[in-house]
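# Understanding the architecture of this molecule
Listed here are the chains, written in short residue letters.
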Amino acid sequence: GFVQTHEPAPARLGTLRANLHQCNLLQAATCSYGGENLPLVPASWNAIQLDPPCSGWGTAEKHPRVLKLWQGDKLNSLIGLQRRLLRHAASLLAPGGRLVYSTCTIDPAENEDQVAAFLARHPEFSVVTPEVPFPAGMTVGEHGALSVPTRTGMDGFFLCAMQKAQ
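Residues numbered from 1 in each chain as written. Predicted model: local features only at pLDDT ≥ 70, side-chain atom pairs only at ≥ 80, totals over all residues. Heavy atoms only, no water.

### A word on the nonpolar core
Grouped together as the largest cluster of nonpolar side chains are 23 residues, with contacts concentrated most on Leu99, Phe118, Phe125 and Met162. Put simply, the parts of the chain that give this core at least two residues each are strand 3 (45-50), helix 3 (72-92), strand 4 (93-103), helix 4 (112-121) and strand 8 (157-164). Counting residues per element, this core draws most heavily on helix 3, at 6 residues. In terms of nonpolar packing, the next biggest core, distinct from the first, is built from 7 residues, Trp57, Ala60, Leu78 and Ile79 among them. (Core = buried A, V, L, I, M, F, W, Y, C linked by side-chain atoms within 4.5 Å. Buried < 20%, exposed > 50% of the residue type's maximum accessible area, 1.4 Å probe, protein only. Helix = DSSP H or I, 4+ residues; strand = E, 2+ residues; numbered from the N terminus.)

Structure representation (structure tokens):
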């Protein structure tokens, strides 16, 4: 298959390209557009993995300053960006396609609340449970799966797979 990746930050784009080259992933292409402005054909992608910028609260055991860094208005701007990225991803996804939304935060506003609001605005989407077993300690709820670091021993993260109706 073909993988199109997008990273608007030049330093991170360089790292991404180096990693893809080192892994010999020739089927991956990169660009530096912001995700909410990708100039792609609507309804043309069968699968989209959306890993938006987030507060990173799931990494707080390793990086405790993220809890203080992402508060108030700064957190609200992230939530707004996540909403715009979800909306654009929905427009790019073909009927029957799957959208996986994932973050490295355990903040409900960026995870379960974000998915619930997306589903309310996009009734053509429904949550699907991936056909892989979840590791012990993960919480699987109505709007996705959450790993809490203290239960699993790994960083906290969230993921939700959604499918667009045919």
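Structure shown, so let's carry the discussion forward.
### What to know about helix 1 (residues 10-22)
With 13 residues, helix 1 ought to run about 18 Å at 1.5 Å a step, and its terminal C-alpha atoms sit 18 Å apart, in line with that. One or two positions beyond helix 1, positive phi appears at Asn24, with a value near 60 degrees. (Expected span 1.5 Å × (residues − 1).)

### A few points about the packing of helix 3 against helix 4
Two numbers describe how helix 3 lies on helix 4: the axes approach to 11 Å, and their chain directions differ by 40 degrees. Classified by the angle between their axes, helix 3 and helix 4 sit oblique to one another. The interaxial crossing formed by helix 3 with helix 4 has right-handed handedness. On helix 4, the residues touching Ile79, Gln82, Arg83, Leu86 and Ala90 of helix 3 are Gln114, Phe118 and Arg121. Broken down by class, the residue content of the contact of helix 3 with helix 4 amounts to 4 nonpolar, 2 polar and 2 charged. (Axes fitted to C-alpha atoms, helices over the stretch in contact; angles between N-to-C directions. Parallel < 35°, antiparallel > 145°, perpendicular 65-115°, else oblique. Left-handed = near helix turned anticlockwise from the far one by under 90°. Contact = heavy atoms within 4.5 Å. Nonpolar A, V, L, I, M, F, W, Y, C, P; charged D, E, K, R; others polar.)

### Considerations on the pattern of salt bridges
Counted under the stated rule, the structure contains 2 salt bridges. Of the charged contacts in the structure, one is a salt bridge between Glu7 and Arg12, with a shortest N-O distance of 3.4 Å. (Salt bridge = Lys/Arg side-chain N within 4 Å of Asp/Glu carboxyl O.)

### Focus: the environment of Trp57
Of note, Trp57 is situated in the loop between strand 3 and helix 2 (66-69). The class for Trp57 is buried, based on a relative accessible area of 18%. As for Trp57 and Thr103, which are separated by 46 residues in sequence, their C-alpha atoms are 9.5 Å apart. The residues touching Trp57, leaving out its near neighbours within four places in the chain, are Val66, Leu67, Trp70, Gln71, Leu75, Cys104, Thr105, Ile106 and Asp107.

### Let's talk about a positive patch on the surface
Residues Arg83, Arg84, Arg87 and Arg121 make up a contiguous surface patch of positive charge. If one sorts the elements of the positive patch by residue count, helix 3 sits on top with 3 residues. As for its placement among the helices and strands, Arg83 is situated in helix 3. By relative accessible area, Arg83 is classed as partly exposed at 32%. (Patch = residues over 30% accessible without salt bridge, like charges linked within 9 Å, V, L, I, M, F, W, Y side chains within 5 Å. Areas by Shrake-Rupley, 256 points an atom, 1.4 Å probe, with all protein chains shown as cover. Lys, Arg positive; Asp, Glu negative; His and termini not counted. Charge placed at Lys NZ, Arg CZ, Asp CG, Glu CD.)

### Let's talk about the environment of His6
Considering the arrangement of structural elements, one finds His6 in strand 1 (residues 3-6). In this structure His6 comes out as partly exposed when scored by relative accessible area, which is 27%. Between the C-alpha atom of His6 and that of Thr30, which follows or precedes it by 24 residues, the distance is 5.7 Å. In this structure His6 touches Cys31, Tyr33, Leu38 and Leu40, once residues within four positions along its chain are discounted.

### Things to note about the packing of aromatic side chains
Summed over all chains, the structure comprises 3 aromatic pairs. Geometrically, the ring pair formed by Tyr101 and Phe158 is edge-to-face, given 6.4 Å between the ring centres and 70 degrees between the ring planes. Taken together, the residues span a long stretch of sequence, with Tyr101 in strand 4 and Phe158 in strand 8 at a distance of 57 residues. Taking the relative accessible area as the measure of exposure, Tyr101 reaches 0% and is therefore buried. With relative accessibility at 1%, the residue Phe158 sits in the buried group. Sitting above the plane of the Trp70 ring, Lys74 keeps its charged end 5.0 Å from the centroid. (Phe/Tyr/Trp six-rings, centres within 6.5 Å; stacked < 30°, edge-to-face > 60°. Lys NZ or Arg CZ within 6 Å of the ring centre and 35° of its normal.)

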